[in-house]
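Overview (structure and organization)
So you can see what is in the structure, the chains are spelled out below.
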Amino acid sequence: KHPLPQPPGFEAMTGKTAPTATDPSPVAPEKKTARTPKEEPAPAPAAEEPPVPEHRPAAEQPPAPTDDPAPVLTAEATPAPEEGPPAPPAEPQAPVPEPKPEKPKAEPPSSPLSLAVEEVSENSVTLTWKAPERTGRSGLDGYVVEICKDGSTDWTAVNQEPFLSTRYTIQDLSSGDKIHVRVKAVSASGASVPATLEQPVLIREILQLPRIRMPRHLRQTYVRRVGDAMNIMIPFQGKPQPEVIWTKGDQPLDTSRINIRNTEKDTIFYIRQAQRSDSGKYELAVRINGAEDKATLDIRVIEPPGPPQNLKLVDVWGFNVALEWTPPVDNGNSEIKGYMVQKSDKKSGKWFTALERCTRTSCTISDLIIGNTYSFRVFAENACGLSEKAAVTSGVANIKKTKTAYQPEKIPQRDMMEPPKFTQPLTDRTTTRGYSTHLFCCVRGFPQPKIIWMKNQMEIREDPKYIAMIEQGVCSLEIRKPSPFDGGIYTCKAVNPLGEASVDCKLDVKGKI
């Protein structure tokens, strides 16, 4: 049997060509149709259908296979009516925008500073540190604390979220464990290089934190002379017994020169004979299980300086000599405080000190004796004393006698005559009965004026109750143990041949309360 010819438009509706007349059997399209959904899981653009049954007799229509359910054909055939006119052409795509240049990545923060152990207990350790110098543009999100057991390389974070505090206590630790601790600074741009404790922390209870009690005189530079013995004791505290470590420039001490003896409460630093090479800064550390205290001992060993250099006799005139020199090459490890200049005349040959402490490197020696010949020498001085040797002038200074004619200066005569004038008047006073009081005023005049004291316009003569004095123009009147009767108006009158002047004041004497 041959299939009937298909109606026009069938290919457009189904999207497939009609089966040819050479097909041996009409069953083949049905089998192909049944396999199509399995081989092509995605929906096809047009459903595949068997030949149209309307154009074939009902008796010649092949039976549908029982293993292929009818809904498969129906599902594939349903989209066919929806495919009407062809799809409109695609719109032209918009131009793709150019990619923006990438922003430079922000740098992560720097490491936290000064990580230290504040306290250790039998199951916890408390840490402190300082904020990093650089936090980045995005700011600091916080810190992450990590621990690692001694002998292991596995670091574990102990806090789930970053925190901003610079103090943290790690809890739930096992007593007797040794742990390494590090802290990272975290921001949106990443984590910093971790700050790590130099030594592992032993988890056990510290009864008393280590602390160095540096004596007051050792907090400043400790100065000793060459050859002196140094015996320095520095107390400390801490329980259990702390570990004491001495270093100089991050290096262990030279035990051949320096002896260290430690006890439970102090450490003793001993040098039998100090040398210049012993000068420097010594670091003392007292440590208990990672908790430590540090102190610095600054030692300076000094000796007398060397002699000044290049002493020259610069000039000689009249009774004077000018000298110049340069500082010594070796200052004895101490600042030069000054110079001592000495002179020696040729007749006696003895040295006399002309200047005891000259702070400059030049000076002028005066009051030399005419006709003598002088030599000079200079010593340098520091905190240890004078230099052992002196710089001596190569030449000598001859003080020659010069002929001079003295011409006295003519001083014009001046008229010094002046009538009395009070430059400071008397002031009113109030005193208490039985307490002596003084009245003061100042007067000038030439010839020196005569001073007359009066009470209520009555001249005070030789009365033991009153003592009148005048010195360098200051006039004073002492009234001894006054009574209310001694109150009144007191007048000081100054008289000389050119005139007179007077001043008044009121004295009020009150009874005792």
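All values reported here derive from a predicted model rather than from experimental measurement.

Definitions and limits used
Residues numbered from 1 in each chain as written. Predicted model: local features only at pLDDT ≥ 70, side-chain atom pairs only at ≥ 80, totals over all residues. Heavy atoms only, no water. Helix = DSSP H or I, 4+ residues; strand = E, 2+ residues; numbered from the N terminus. Buried < 20%, exposed > 50% of the residue type's maximum accessible area, 1.4 Å probe, protein only. Contact = heavy atoms within 4.5 Å. Areas by Shrake-Rupley, 256 points an atom, 1.4 Å probe, with all protein chains shown as cover. Patch = residues over 30% accessible without salt bridge, like charges linked within 9 Å, V, L, I, M, F, W, Y side chains within 5 Å. Salt bridge = Lys/Arg side-chain N within 4 Å of Asp/Glu carboxyl O. pLDDT = per-residue confidence, 0-100. Pairing = 2+ DSSP bridges. Axes fitted to C-alpha atoms, helices over the stretch in contact; angles between N-to-C directions. Core = buried A, V, L, I, M, F, W, Y, C linked by side-chain atoms within 4.5 Å. Polar contact = N/O pair within 3.5 Å; in protein donor to acceptor, adjacent residues only side chain to side chain.

If you tally the helices and strands in the protein chain, you get three helices and 36 strands. Taking all 513 residues of the protein chain together, the buried fraction comes to 32%. Of all intrachain contacts in the protein chain linking residues separated by at least 6 positions in sequence, the fraction that spans at least 24 positions is 64%. Surface exposure of the protein chain reaches about 34200 Å², of which carbon and sulfur atoms provide 51%.

Together, M416, M417, F446 and L498 line one region of the surface with nonpolar side chains, adding up to about 390 Å² of accessible area. Note that M417 resides in the loop between β27 (397-398) and β28 (418-424).

Here the focus is the confidence of the model for the protein chain. In the predicted model, the protein chain carries a mean pLDDT of 81, and the fraction of residues at 70 or more is 79%. Across residues 9-85 the pLDDT falls below 50, and counting only partners more than four positions away or on other chains, this stretch makes 49 contacts in the model.

Bringing the sheet that holds strand β2 (residues 125-130) into the picture now. Read from one edge of the open sheet, three strands run β1-β2-β5, paired in antiparallel fashion. Each having just a single partner strand, β1 (113-120) and β5 (167-170) make up the two edges of the open sheet. Across the sheet, the mean angle from the axis of one strand to that of its neighbour is 20°, orientation sign disregarded. With five bridges joining them, β1 and β2 adopt antiparallel strand pairing.

Okay, the environment of L386 next. Within the fold, L386 resides in strand β25 (residues 385-386). Taking C-alpha positions, L386 is 7.1 Å from P305, a pair spaced 81 residues apart along the chain. The contact partners of L386, leaving out residues within four places of it in the chain, are P304, P305, M340, F379, A380 and E381.

As a further point, take unusual backbone geometry. Of note, the bond from K239 into P240 is cis; its omega dihedral lies within 30 degrees of zero at -5°. Among the structural elements, P240 can be located in the loop between β12 (230-239) and β13 (243-248). At the junction of F446 and P447, the peptide bond is cis and its omega measures out at 0° in the coordinates. Within the secondary structure, P447 sits in the loop between β30 (437-446) and β31 (450-455). In this model, S114 sits at a positive phi of 55°, which is unusual for a non-glycine residue. Of note, S114 is situated in strand β1.

On to the nonpolar core. The biggest cluster of nonpolar side chains holds 24 residues, and the ones touching the most others in it are V125, L127, W129, V145 and I170. Contributions of two or more residues to this core are made by β1, β2, β3 (140-149), β5 and β6 (178-187). Here this core takes four residues from β6, the largest share from any one element. V145 has contacts with L127, W129, T156, A157, V158, N159, F163, Y168, I170, V181, R182 and V183, leaving out every residue within four places of it along the chain. By size, the runner-up hydrophobic cluster in this structure holds 22 residues, among which are I212, I232, V244 and V286.

Looking now at the environment of Q342. Among the secondary structure elements, Q342 is positioned in strand β21 (residues 338-345). Looking at Q342, the relative accessible area reads 9%, which means it is buried. Spatially, the C-alpha atom of Q342 lies 5.5 Å from that of R377, the residues being 35 residues apart in sequence. For Q342, the contacting residues outside a window of four places in its chain are W351, F352, T353, A354, S375, F376, R377 and F379. In this structure the side chain of Q342 is engaged in a polar contact, spanning 3.5 Å, whose partner is the side chain of T353. Side-chain polar atoms of Q342 contact the side chain of R377, separated by 2.7 Å.

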